[in-house]
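Structural overview for review
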Amino acid sequence: MSKLYILNGPDMGRSYELPDGVTYLGRSIDNDIRIEDKTVSRRHLRIVKKGSKYVVMDLKSRSGTFYNGAYLASGVDHEVKKAVPIAIGMSVVCIGGKPRQEIVSFLDSVELAWESGEQSGMFEVHRERTNQKKLELFYRVAAALSKHSPLDEVLREILDHILEFLSRIDRAAFVLVDPDTETITDVISQPHALSDETHPLYCGDVVRRAIKGRLPMVISNAQSLKEDELADTLKVLNIESVLCLPLISGPRILGAMYFDSRRRLYGFSREDVQLFKDLGRRIVGALEKGILATAHKA
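Note that the structure is predicted; figures quoted are calculated from it, not measured.

**Observations concerning the pairing of strand S3 (residues 21-26)**
Sheet topology places S3 next to strand S5 (residues 45-50); five bridges connect them, and they run antiparallel. Across the sheet, Thr-23 pairs through a bridge with Ile-47, a residue of S5. Relative to strand S4 (residues 33-34), S3 runs parallel, the two being bridged by two bridges. Bridge pairing in S4 links Leu-25 to Ile-33.

**Overview of the pairing of strand S1 (residues 2-8)**
In terms of burial, S1 is a largely internal element, six of the seven residues being buried. Here four bridges tie S1 to strand S2 (residues 15-18), and the two strands are oriented antiparallel to one another. Within S2, the residue paired with Ser-2 across the bridge is Leu-18. The turn joining S1 and S2, which pair antiparallel and follow one another in sequence, is formed by six residues; a positive phi near 120° is taken by Gly-9. Where S1 and strand S11 (residues 91-95) come together, four bridges link them in antiparallel fashion. Note that in S11 the partner of Ile-6 across the bridge is Val-93.

**Things to note about the side chain of Asp-170**
Positionally, Asp-170 belongs in the loop between helix H3 (151-165) and strand S12 (171-177). There is a polar contact of 2.5 Å between the side chain of Asp-170 and the backbone nitrogen of Arg-262.

**A look at the packing of aromatic side chains**
For the structure on display, the rule yields four aromatic pairs. Summarising the aromatic geometry, the rings of Phe-66 and Tyr-71 are spaced 5.2 Å apart at their centres and angled 70° between planes, so their arrangement reads as edge-to-face. Residues Tyr-202 and Tyr-258 carry aromatic rings whose centres are separated by 6.1 Å and whose planes lie at 65° to one another, so their mutual orientation is edge-to-face. With Tyr-202 in the loop between strand S13 (184-191) and helix H4 (204-213) and Tyr-258 in strand S16 (residues 252-261), this pair connects stretches of sequence that are 56 residues apart. Accessibility assignment for this pair places Tyr-202 and Tyr-258 in one class, buried. One residue, Arg-43, lies across the ring of Tyr-24, its end atom 4.2 Å from the ring centre.

Rules of the game
Residues numbered from 1 in each chain as written. Predicted model: local features only at pLDDT ≥ 70, side-chain atom pairs only at ≥ 80, totals over all residues. Heavy atoms only, no water. Pairing = 2+ DSSP bridges. Helix = DSSP H or I, 4+ residues; strand = E, 2+ residues; numbered from the N terminus. Buried < 20%, exposed > 50% of the residue type's maximum accessible area, 1.4 Å probe, protein only. Polar contact = N/O pair within 3.5 Å; in protein donor to acceptor, adjacent residues only side chain to side chain. Phe/Tyr/Trp six-rings, centres within 6.5 Å; stacked < 30°, edge-to-face > 60°. Lys NZ or Arg CZ within 6 Å of the ring centre and 35° of its normal.

Have a look at this one:
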């Protein structure tokens, strides 16, 4: 008999036996498996074991069921693979076996804002949707980092996910450096749309300051900067706001994550900075552990 494992959410760490036949999962006590997550619908998911295979159906849930990079169509059977995470609301489960350890440890690090007490209205709805999007981003980044693919492909996929999560970003880039000389060895960049692709792909002054200072650089309003070299550079590049975080492993600097907006002042919040710090730590950890089986380009 296989099990269902809860990888993330209020019930994280629990597991349940999955018998042959039909199993219902949801927030209500009349389900075979109850998930005490308010973003999970009262009856959210149906799981059917057919021989050695598992088929799931989203039961027209409010928040949907996210699997293998996409939402499942409600009311339709979908075969799922063992040990592949499934997001329901803001919880993550998997069937038949535990997933790769790097995905589990990555999801364990996700910090979501859980409301306590009685709340209602648009604020709570917005908070739930924001948290769910954040969970999806962490899930997708974890899945990308678990691949044994060339470094540039993995980092470009991560940038795609980030740009989808934060549409106010116009350009995103990983700037990689030699840890010994701190000279740039590679740039993996991605504009929000192909029509936005321009050169240079990032602001070199901002990246150099972040790498040299070993601290995040956040410029919310480039127009408010005093007249200096950086202010002039941002003005020439039509950058309204910018965020750059160094990728650091102990005493070594591996590069930086760079994001800017040419359309919006105050494009990055404190929550964005913390989010990218969390992602950056995991990306550095993956690089150090050799999960990305490739070296920087010369």
